[in-house]
Amino acid sequence: MSYNATVTVEPTKSITVTGDLELLQQLASECGLVEQASPAGTLLIAFTQDNANKLRTILTGNNITMSGIDKKLLRYLADDGDDALFWNGDIHELANHKKEKSRKTFLDLVHYFPYRYIDRSNPQNVKHLLVNEDATVIGELVAISTIPSGRSSMVRVTLQDSLGQKITGTFFNQPWLPKTYHVGDQIIMTGKYTEYHKAGSNKFYPQINNPKIDKINTNRGEIRMVPVYYQKGGLKTWQVMNDNRSIFSRIPYIADPVPAELISKRELISREESYRLIHFPNTPEDIEKAKERIAYDELLQLQVYFEQRKQTYSHQRGAAKTDSTLSDKMISILPYKLTGAQDRAIQKIVEDMASEKPMHRILQGDVSSGKSTVAASALLVAVGSGFQAALIAPTEILATQLYDRIKEDVAMVDPKIKVEFLGGKTKNKPELYKALKYGDIDILIGTHAILQDKVVFYDLGLVVIDEQHKFGTKQRSRLREVAEGAITPDMLIMSATPIPRSLASVIYGDLDISILDELPAGRIPIETVWLTEPSEAWDKVKEEVAAGHQAYVVTSLVEDSESIDAKSAEETYLDLCRKMPNIHIGLMHGRLTAAEKAETMEAFTRGDIQVLVATTVIEVGVNVPNATVMVILNAERFGMAGLHQIRGRVGRSSLPSTCFLVGEPNSPEGEDRLNALVASNDGFYIAEKDMEIRGEGTLFGIRQSGDSDLKLANLHDHLYLLEYAKEDVHQAMLSEAFVNETNLFFEERSIDS
């Protein structure tokens, strides 16, 4: 006999089971009840691991057909690898793999989406194939042989198509193939087509290396659209397909938490259908329909999350900071005129801080756009209104440079304002903690050291966080606790990573956004040159040093690596010392101590070091106006955003500057990246091109490290879905199931701002 049951997890950490009375009686006798819920036919069970185990056993033992099941319970039900609800074989092994522990339940596997598909619906004859293009050939297997090759082995198969032309497929380390495939079998073979040219001959031989191969008369061989999955930890495409097929046979119905009226209004398919079609499509149109629905859910989850955060912000109590006298004075005596973008940003920040609602604003600026001046203005508004302020940066180098710059600006306004620095090597910490607690320090600038429990403010009114995505999750949580009490401090987040405006609304949807997209007057655009070898760059370095200027040389590695073909900082330093014996060359990388890095940076700032060889430790915030040359070795190994940030270490004065990108990309996409940097100094243009070339990438990685991407939402294709999600968010929040699902998603990824 089989029963029906609906099983959900409540926000109160209990399990609700609705179903047949006989089943409920059995559950009631086995599991720890919270209460016998009303109406009849509903049971409320305490949500414990023991109860989850018992519930799992009873459900599977009674051949339950589940009509709905939520994510959190599904994870509990699948927690035991021996259970029927857990997938089997190699994927079970993968689930226990160190780097893949998070993907261990049915739902995780269903969400392991293909990254591409092979369309086998239009097989071609060999003579129509194009070199380096995906190809599908159907024919008769006319030869198969094993070729010993040292410790490994190769299997070579030959197919003959309907026109009598032959093509070879070569397989590596698959010795079992001759036992499965035999001469005379009708075969379908798919992969990238190449041609082998024999030395001394004009003949060429069609071939596909490591293709996908199947018999036509098998279920696998008749699949039209073959999903292709990333093969991690030994995971194979066919294993994922088989296990997903098993999942869908065991759970015949997948509940849809999005309100039905929204699905109908947006003409989307059901969630169940989208999951099935993403893994088992019959046509390219099936794939697009599935992606559209899943992308809508992802973007709608984001909007619900942002709306919840905004509601949380609306209940926080801040303190109005209405005295901008000190800020106005600083602006009036600066030796330069603010850009229009700086003016607009400062005006918005002053308006925010004058409200009794705490500010939650992000200041996004291109390199050299003047974010520190805007930050100094905000700090002075807080101090002028009687509050303390803090600025936190991710590295000692960046924090020190901000401290020096802001302290100088503040001293011009009022030398009585107390500005202090707190880093890992600060010596007078007990005295500093005491002064901070009693309000004797007005502005504290430093690193993550500010986040220690020992740091207590007297009356903190503003927190400025620079490059916030570089802080860990626990550190970010501590940012809200540095001023415990009824008053929530204003929060200003600064980012030097330009991102497309459309993407900003996805990543920072819960924050107000100010953008600095203008450079200070007098700045000359950096000339960017792409080279395949560095001799021209070394000539320019010598020329600029002879003129009294300085240069950076950036590498991707600290020391040589046998597995990576790239110049290291140490190797480059020694090489340049030989090439330029009369030039003072310095070396800086992440393995140096904080004191060593500070000493090296100070020597470079003073001009004692003329050429600084470094890794990306100088990527953000380093400001040496006399540096006019940047040489980036193995530039193809860097992302576009990183290259743009590194390039921004020069061009910080009225002196002409040059950036050399030295590299040999091995793909058209790599060439496009370097060409885009040569074409423009505009960080927002670079960000748009980056998104065109590689998609959104690690979306939350821009916001903070360690968070997951949107899996399928692509703003080039799905910008209309983002608009739908913004319009639909309030209606979606009426669905408790969808809100709970959203909360679980972000709880697991610890996404916070």
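Residues numbered from 1 in each chain as written. Predicted model: local features only at pLDDT ≥ 70, side-chain atom pairs only at ≥ 80, totals over all residues. Heavy atoms only, no water.

Here we look at the overall build of the chain
A count of helices and strands for the chain gives 26 helices and 26 strands. Counting only residues that meet the buried cut, the chain has 52% of its 753 residues in that class. In the chain, 71% of the contacts between residues at least 6 apart in sequence involve partners at least 24 apart. For the chain, the accessible surface area stands at approximately 34200 Å², while carbon and sulfur atoms represent 48% of it. (Helix = DSSP H or I, 4+ residues; strand = E, 2+ residues; numbered from the N terminus. Buried < 20%, exposed > 50% of the residue type's maximum accessible area, 1.4 Å probe, protein only. Contact = heavy atoms within 4.5 Å. Areas by Shrake-Rupley, 256 points an atom, 1.4 Å probe, with all protein chains shown as cover.)

Structural notes on the sheet that holds strand β22 (residues 550–554)
Strand pairing in a sheet relies on backbone hydrogen bonds. The paired strands run either parallel or antiparallel. Ordered in space as β21-β26-β25-β22-β24-β23, the six strands form an open sheet in which the pairing is parallel. Only two strands of the sheet have a single partner each, and these edge strands are β21 (527–531) and β23 (585–588). Each strand of the sheet is rotated relative to its neighbour by a mean of 15°, with strand direction disregarded. Contacting β22, β23, β24 (611–614) and β25 (627–633), helix α19 (residues 569–579) crosses the sheet at an angle of about 175° to β23. Against the sheet, helix α21 (residues 640–647) makes contact with β21, β22, β25 and β26 (658–662), and its axis sits at roughly 150° relative to β25, the strand it touches most. (Pairing = 2+ DSSP bridges. Axes fitted to C-alpha atoms, helices over the stretch in contact; angles between N-to-C directions.)

Looking at the nonpolar core
Formed by 50 residues in total, the largest nonpolar core has its most connected members in Leu 299, Leu 422, Leu 444, Val 455 and Phe 457. Looking at which element gives the most residues to this core, the answer is helix α10 (residues 284–314), with nine residues. Of all hydrophobic cores here, the second largest spans 40 residues; its members include Ala 345, Leu 363, Ile 406 and Val 419. (Core = buried A, V, L, I, M, F, W, Y, C linked by side-chain atoms within 4.5 Å.)

Here we look at a negative patch on the surface
A surface patch of like charges, here negative, comprises Asp 404, Glu 408, Glu 596, Glu 599 and Glu 602. Among the elements of the structure, α14 (396–413) and α20 (594–606) are those that each provide at least two residues to the negative patch. At three residues, the largest contribution of residues to the negative patch is made by α20. For Asp 404, the location among the structural elements is in helix α14. With relative accessibility at 44%, the residue Asp 404 sits in the partly exposed group. (Patch = residues over 30% accessible without salt bridge, like charges linked within 9 Å, V, L, I, M, F, W, Y side chains within 5 Å. Salt bridge = Lys/Arg side-chain N within 4 Å of Asp/Glu carboxyl O. Lys, Arg positive; Asp, Glu negative; His and termini not counted. Charge placed at Lys NZ, Arg CZ, Asp CG, Glu CD.)

Some points on the sheet that holds strand β18 (residues 460–466)
Here we have seven strands laid out as an open sheet, ordered β16-β17-β15-β18-β19-β14-β20, and parallel in their pairing. Only two strands of the sheet have a single partner each, and these edge strands are β16 (419–422) and β20 (512–516). Strand-to-strand twist of the sheet, defined as the mean angle between neighbouring strand axes without regard to direction, takes the value 20°. Relative to the sheet, helix α13 (residues 371–384) contacts β14 (360–365), β15 (388–392), β17 (443–446), β18, β19 (490–495) and β20, its axis offset from that of β15 by approximately 155°. Most of the contacts of helix α15 (residues 429–437) go to β16, to which it runs at about 130°, and overall it touches β15, β16 and β17.

Regarding the pattern of salt bridges
Evaluation of the coordinates by the stated rule reveals 16 salt bridges. Close ionic contact of Glu 518 with Arg 344 constitutes a salt bridge, the shortest N to O distance being 3.0 Å. One end of the pair, Glu 518, is in the loop between β20 and β21; the other, Arg 344, is in helix α12 (residues 340–353), and 174 residues separate them in sequence. Using a relative accessible area of 48% as the deciding quantity, one classes Arg 344 as partly exposed. With a shortest N-O distance of 3.6 Å, Glu 544 and Lys 540 are connected by a salt bridge. Pair noted here: Glu 544 and Lys 540 are both in helix α18 (residues 535–546), with a separation of four residues, about one helical turn. Taking the relative accessible area as the measure of exposure, Glu 544 reaches 10% and is therefore buried. Its relative accessible area of 22% is what places Lys 540 among the partly exposed residues. Taken together, the shared-partner salt bridges connect Asp 256, Arg 271, Arg 293 and Asp 297 into one network.

Observations regarding unusual backbone geometry
In the Ramachandran plot, Asn 210 falls in the positive-phi region, its phi being about 50° despite a non-glycine side chain. Within the secondary structure layout, Asn 210 lies in the loop between β11 (204–209) and β12 (212–215). One non-glycine residue, Glu 267, lies in the positive phi region at around 55°. Looking at where Glu 267 falls in the secondary structure, it is placed in the loop between α8 (260–265) and α9 (271–279).

Quick notes on the environment of Met 189
Note on placement: Met 189 falls in strand β10 (residues 186–197). For Met 189, the contacting residues outside a window of four places in its chain are Ala 135, Thr 136, Val 137, Val 157, Leu 159, Ile 167, Thr 168, Gly 169, Ile 208, Pro 211, Lys 212 and Ile 213.

Remarks on the packing of aromatic side chains
For any pair of aromatic rings, the description rests on two quantities: the centre-to-centre distance and the angle between the ring planes. For the structure on display, the rule yields five aromatic pairs. The aromatic ring of Tyr 724 is capped on one face by Arg 266, whose charged end is 4.0 Å from the ring centroid. For the cation-ring pair, Lys 321 lies above Phe 387, with the distance from its terminal atom to the ring centre recorded as 5.1 Å. (Phe/Tyr/Trp six-rings, centres within 6.5 Å; stacked < 30°, edge-to-face > 60°. Lys NZ or Arg CZ within 6 Å of the ring centre and 35° of its normal.)

With respect to the environment of Thr 528
Its location among the elements puts Thr 528 in strand β21. A distance of 2.8 Å separates a polar atom in the side chain of Thr 528 from a polar atom in the side chain of Arg 647. (Polar contact = N/O pair within 3.5 Å; in protein donor to acceptor, adjacent residues only side chain to side chain.)

A look at α14
Spanning 18 residues, α14 covers 26 Å between terminal C-alpha atoms, matching the ideal 26 Å at 1.5 Å per step. Residues of α14 that are buried: Ile 397, Leu 398, Ala 399, Gln 401, Leu 402, Tyr 403, Ile 406, Asp 409, Val 410 and Val 413. (Expected span 1.5 Å × (residues − 1).)

Topic: the packing of α9 against α10
Running from N to C, α9 and α10 cross one another at 130°; their axes reach a closest spacing of 8 Å. Classed by the angle they form, the pair α9 and α10 counts as oblique. For α9 against α10, the interelement crossing comes out left-handed. Contact residues: Arg 271, Ser 274, Tyr 275, Leu 277 and Ile 278 in α9; Asp 286, Ile 287, Ala 290, Lys 291, Arg 293, Ile 294 and Asp 297 in α10. Partitioned by chemical class, the residues of the contact of α9 with α10 number six nonpolar, one polar and five charged. (Parallel < 35°, antiparallel > 145°, perpendicular 65-115°, else oblique. Left-handed = near helix turned anticlockwise from the far one by under 90°. Nonpolar A, V, L, I, M, F, W, Y, C, P; charged D, E, K, R; others polar.)

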